[in-house]
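Chain by chain, the residues run as shown.
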Amino acid sequence: SPGQPGGLPRAAGTLDRSDSLADVSGKFFADPWGRERRKLSAVRAALPSYGLNYPKQSVAVALLRLAKTTRIRRFKAEDGEYVYTAASVAGAQQPI
């Protein structure tokens, strides 16, 4: 479905039981999976594959915090919904 190309992040080997939701989300976006634009729904859909289940609001807050610390990028897509990508994607520099 739209916003979910490329299946799941391959971060399973790097996840730890003590990881916070922000840590897990950050690892997802450090993976090649995170180089594509991902909607909140795509991030939430990936979590159960790793035995994790969080409410939509918790995932949204974790992603917003990662974006504020510039670990990931957040911007509005053409449809008005926020999308997220890895901060290190070429051409992803934010103006200061």
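To be clear, the structure that these remarks concern was listed above.
Residues numbered from 1 in each chain as written. Predicted model: local features only at pLDDT ≥ 70, side-chain atom pairs only at ≥ 80, totals over all residues. Heavy atoms only, no water.

**Focus on unusual backbone geometry**
Most of the time, phi is negative for any residue but glycine, and the peptide bond is trans. Of note, the phi angle at threonine 70 is positive, near 60°, even though the residue is not glycine. Residue placement: threonine 70 occurs in the loop between helix H3 (56-68) and strand E2 (72-76). Here threonine 70 falls in the exposed class, since its relative accessible area comes to 58%. (Helix = DSSP H or I, 4+ residues; strand = E, 2+ residues; numbered from the N terminus. Buried < 20%, exposed > 50% of the residue type's maximum accessible area, 1.4 Å probe, protein only.)

**Observations regarding the side chain of threonine 85**
Within the secondary structure, threonine 85 sits in strand E3 (residues 82-86). Here threonine 85 falls in the buried class, since its relative accessible area comes to 5%. Residues contacting threonine 85, with those up to four places away along its chain left out, are Phe29, Gly34, Glu36, Arg37, Ile72, Arg73 and Phe75. (Contact = heavy atoms within 4.5 Å.)

**A few points about the packing of aromatic side chains**
One pass over the structure, following the stated rule, counts three aromatic pairs. Seen from their ring centres, phenylalanine 28 and tryptophan 33 are 5.8 Å apart, and the 70° between their planes marks the pair as edge-to-face. By the burial criterion, phenylalanine 28 is buried, and tryptophan 33 matches it. Among the aromatic residues, those joined into a ring-pair cluster are Phe28, Phe29, Trp33 and Tyr50. The lysine or arginine in question, arginine 74, covers the ring of tyrosine 82, its NZ or CZ lying 3.4 Å from the ring centre. (Phe/Tyr/Trp six-rings, centres within 6.5 Å; stacked < 30°, edge-to-face > 60°. Lys NZ or Arg CZ within 6 Å of the ring centre and 35° of its normal.)

**Some words on the pattern of salt bridges**
Summed over the entire model, instances satisfying the criterion amount to four salt bridges. The residue lysine 27 makes a salt bridge to aspartate 19 at a minimum N-O spacing of 2.8 Å. Its relative accessible area of 26% is what places lysine 27 among the partly exposed residues. Residue aspartate 19 is classed as buried on the basis of its relative accessible area, which comes to 16%. (Salt bridge = Lys/Arg side-chain N within 4 Å of Asp/Glu carboxyl O.)

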